[in-house]
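Close look at the chain arrangement
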Number of protein chains: 2
Amino acid sequence: MEITHRAVDYQYRVEVCFMPGQYPLYAQDMGIVVVIDVLRATSAMVAAFENGIDRIIPVATVEEARPYIGREGFIAAAERNGEVVEGFAYGNSPLAYVGEDLRGKTIVMTTTNGTRAISLAKDARMLVIGSFLNLSALSEWLVKQNDNILLLCSGWKDKFNLEDSMFAGAVMERLLESGKFGVEEDSSIAAKYMFMSGRDNYMSILKAAPRRRRIEQLQLLPDVKYCLTPDQSTMIPVLRNGELVLLDTTVE
Amino acid sequence: MEITHRAVDYQYRVEVCFMPGQYPLYAQDMGIVVVIDVLRATSAMVAAFENGIDRIIPVATVEEARPYIGREGFIAAAERNGEVVEGFAYGNSPLAYVGEDLRGKTIVMTTTNGTRAISLAKDARMLVIGSFLNLSALSEWLVKQNDNILLLCSGWKDKFNLEDSMFAGAVMERLLESGKFGVEEDSSIAAKYMFMSGRDNYMSILKAAPRRRRIEQLQLLPDVKYCLTPDQSTMIPVLRNGELVLLDTTVE
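Residues numbered from 1 in each chain as written. Chains lettered and ligands numbered in written order. Predicted model: local features only at pLDDT ≥ 70, side-chain atom pairs only at ≥ 80, totals over all residues.

**Some words on the overall build of chain A**
Broken down by element type, chain A carries 10 helices and 11 strands. Whereas a compact globule of 252 residues would reach a radius of gyration of roughly 18 Å, chain A reaches 17 Å, a difference of no more than 12%. Viewed in the frame of its principal axes, chain A has a C-alpha envelope of about 55 × 45 × 30 Å. Considering chain A as a whole, with its 252 residues, one finds that 54% of them fall into the buried category. Partitioning the contacts of chain A with sequence separation of at least 6, the portion at a separation of at least 24 is 80%. (Helix = DSSP H or I, 4+ residues; strand = E, 2+ residues; numbered from the N terminus. Rg over C-alpha atoms; globule rule 2.2 N^0.38 Å. Buried ≥ 20, exposed ≤ 12 C-beta atoms within 10 Å, placed from the backbone. Contact = placed C-beta atoms within 7 Å.)

And the structure:
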């Protein structure tokens with residue numbers, strides 16, 4: 001069916017894009033992009049700000065991150081295929097930052113999916129970082145914005161993934177409740193229904209058999225539990241001049 | 001997380017690919033591809049076989065279909081953006097074939113999404129056509145096959161769409177019940193949950209506000225009701241040498 005956008009009974013749209021490769025199909029008229037990589041890049045980013053980091057520089061390649069290994073004031077973090085890249089002390093585990101005093105430091109980070117999504121959407125008017133860790137703070141800030149919002153899932157190697165889409169559904173539900181936002185895209189309606197059907201047991205959905213095997217294989221269960229626990233932080237990282245810094249929600 | 005495929009407690013996989021552009025990411029090891037374009041190409045194909053058509057030749061462009069307009073023994077069908085292309089008497093409405101005697105005839109058909117998906121997957125060992133019209137017959141045949149099965153949604157201009165994904169979830173549920181098939185992909189798990197949450201009212205989900213406006217705009221409500229009514233046919237179209245013909249389920 002033809003997709004048309006008509007003036008309707010809401011002011012702004014909130015839509016879900018399931019994977020970075022589809023971003024160009026959904027980017028039009030979207031002022032704010034929320035990049036989502038629940039397991040684990042965007043969870044790690046929020047955790048790092050929660051523990052005092054000054055800024056995070058997302059980079060596309062391992063080679064760009066490597067010169068920062070051991071450099072004063074920097075933490076070099078690199079993950080590929082769910083594992084810490086050889087030579088690096090940090091990957092994309094948020095637990096690596098918990099309890100650390102990161103004040104005054106800069107993380108230079110590259111991950112399989114999350115930093116790619118950031119790179120694709122870097123020209124949006126505003127790009128912010130979402131994860132279950134900052135779900136409520138992010139949703140409360142988003143609902144005050146006067147702009148269309150795209151929830152951009154990082155997926156897994158450009159395939160659909162469940163945890164990012166469920167999180168997008170969780171944000172969407174809060175924005176739709178406001179009455180200020182509406183949806184036009186089927187992906188957005190699907191994300192809402194996925195979250196509604198899974199809200200009471202999303203841990204169990206996310207631990208469905210094939211996923212659980214992969215999680216156990218990589219010994220990620222503590223990470224997964226941490227990443228799926230909502231509202232551990234009120235930090236919202238925002239992209240400014242290619243660097244993630246803390247959004248001051250009292251002025252923006 | 002790393003996606004790995006391990007020998008587990010099922011013999012074959014059944015997976016869902018949400019849009020044609022992702023087909024290369026999901027095609028590996030998939031012997032049977034089910035092309036799904038519920039609204040409306042694959043529903044129209046099943047309806048045409050139900051009404052006696054000999055074969056359907058799917059073509060990519062309107063120009064390839066046009067020479068068949070008015071030609072003895074042929075029906076030329078072309079749809080773009082949900083509407084019949086100018087100069088053609090047929091588009092992708094299944095209702096155009098209902099009650100017609102199509103025996104001995106050939107349809108040459110091009111549609112926005114469905115024929116593109118067929119073209120992409122034409123080299124699969126077997127390519128069959130799915131729609132709610134032949135849901136039970138198709139599922140019963142699939143469950144007897146000894147091969148991996150990919151449910152390929154045609155989407156809308158390479159975006160995710162709800163009706164194809166819900167249908168994929170319906171087929172998946174029946175195949176998983178058999179115990180012979182299992183899933184590895186998140187998209188497959190999501191399709192199952194979408195169908196489970198929507199099974200009792202999928203008409204209402206598929207008629208959610210933005211979709212309903214488009215449907216009403218194109219005056220498609222009778223078509224939509226017809227396309228979403230399961231088990232009106234036992235016909236399974238199969239691609240052979242570039243043409244869709246009727247699968248003889250007594251021998252295959």
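Having put the structure on the table, let's press on.
**Some words on the confidence of the model for chain A**
Chain-level statistics for chain A give a pLDDT mean of 91 and a share of 94% at 70 or above. Across residues 1-7 of chain A, confidence stays below pLDDT 50; counting only partners more than four residues off in sequence or on other chains, it has 16 contacts. (pLDDT = per-residue confidence, 0-100.)

**Section: the nonpolar core**
With 170 residues, the main nonpolar core has L151(A), L152(A), V171(A), L151(B), L152(B) and V171(B) as its most contacted residues. With residues up to four places along the chain from it excluded, the contact list for L151(A) reads V14(A), E15(A), V16(A), V34(A), I36(A), A168(A), V171(A) and M172(A). (Core = buried A, V, L, I, M, F, W, Y, C linked by C-beta atoms within 7 Å.)

**Some points on the pairing of strand β2 (residues 32-36) of chain B**
All names here are of chain B. With five of five residues buried, β2 is to be regarded as a mostly interior element. Side-chain alternation along β2 places I32, V34 and I36 on one buried face and V33 and V35 on a second face that is also buried. Both β2 and strand β7 (residues 126-130) contribute to a ladder of five bridges, which runs parallel. Considered in β7, the bridge of V33 is made with L127. Here five bridges tie β2 to strand β8 (residues 149-153), and the two strands are oriented parallel to one another. When the sheet's bridge partners are listed, V35 is paired in β8 with L152. (Pairing = 2+ DSSP bridges.)

**Focus: unusual backbone geometry**
Note the cis peptide between L39(A) and R40(A), where omega equals 10°. Here R40(A) shows up in the loop between β2 (32-36) and α2 (41-50). Positive phi is not limited to glycine here, since D29(A) has a value of about 65°. With respect to the secondary-structure elements, D29(A) resides in the loop between α1 (23-26) and β2. In this structure, N81(B) is a non-glycine residue whose phi angle is positive, near 55°.

**Observations concerning the packing of helix α6 (residues 162-177) of chain A against helix α7 (residues 186-198) of chain A**
Residue and element names in this part refer to chain A. Across the interface, α6 lies against α7 with an axial gap of 7 Å and an inter-helix angle of 95°. Relative to α7, the element α6 is oriented roughly perpendicular. Together, S165, M166, A168, G169, A170, M172 and E173 of α6 and S188, A191, K192, M194, F195 and G198 of α7 make up the contact between the two elements. Here the contact of α6 with α7 is built from residues that sort into seven nonpolar, four polar and two charged. (Axes fitted to C-alpha atoms, helices over the stretch in contact; angles between N-to-C directions. Parallel < 35°, antiparallel > 145°, perpendicular 65-115°, else oblique. Nonpolar A, V, L, I, M, F, W, Y, C, P; charged D, E, K, R; others polar.)

**A word on the pairing of strand β1 (residues 12-17) of chain A**
Within a regular beta strand, the side chains point alternately toward one face of the sheet and then the other, so they alternate between its two faces. Residue and element names in this part refer to chain A. Burial analysis of β1 places six of its six residues in the buried class, the great majority of the element. Every second residue of β1 is oriented toward a common face, with Y12, V14 and V16 on one face and R13, E15 and C17 on the other, all of them buried. In this sheet, strand β9 (residues 181-182) lies alongside β1 in parallel orientation, the contact comprising two bridges. Across the sheet, R13 pairs through a bridge with G182, a residue of β9.

**Considerations on helix α2 (residues 41-50) of chain B**
All names here are of chain B. With nine of 10 residues buried, α2 lies mostly within the body of the structure. Along α2, the residues classified as buried are A41, T42, S43, A44, M45, V46, A47, A48 and F49. Just downstream of α2 lies G52, where phi reads positive at about 95°.

**Thoughts on the environment of P24(A)**
Examined against the element boundaries, P24(A) turns out to sit in helix α1. Remark: the alpha-carbon pair of P24(A) and E63(A), spanning 39 residues in sequence, is separated by 27 Å.

**Considerations on α6(A)**
Residue and element names in this part refer to chain A. Under the 1.5 Å per step criterion, the end-to-end length of α6 is 23 Å for 16 residues, consistent within 8% with the ideal 22 Å. With respect to burial, α6 is a largely interior element, 12 of its 16 residues being buried. Taken as a whole, α6 has its buried residues at L162, E163, D164, S165, M166, F167, A168, G169, A170, V171, M172 and L175. Phi turns positive one or two residues past the end of α6, at G179, with a value near 80°. (Expected span 1.5 Å × (residues − 1).)

**What to know about the packing of helix α5 (residues 135-144) of chain B against helix α6 (residues 162-177) of chain B**
Residues and elements named next belong to chain B. For the pair α5 and α6, interaxial distance at closest approach is 10 Å and the crossing angle is 40°. Of the possible angle classes, the one that applies to α5 and α6 is oblique. Between α5 and α6 the crossing geometry is right-handed. Packed against α5, whose contacting residues are L135, L138, S139, L142 and V143, the element α6 presents A170, V171, R174 and L175 at the interface. When its residues are assigned to classes, the contact of α5 with α6 shows seven nonpolar, one polar and one charged. (Left-handed = near helix turned anticlockwise from the far one by under 90°.)

**Comments concerning the environment of G31(A)**
All names here are of chain A. Looking at where G31 falls in the secondary structure, it is placed in the loop between α1 and β2. The class of G31 is partly exposed, set by 14 C-beta atoms lying within 10 Å. With 88 residues separating them along the chain, G31 and S119 place their C-alpha atoms 16 Å apart. Contacts of G31, omitting those with residues within four sequence positions, involve R125, M126, D147 and N148.

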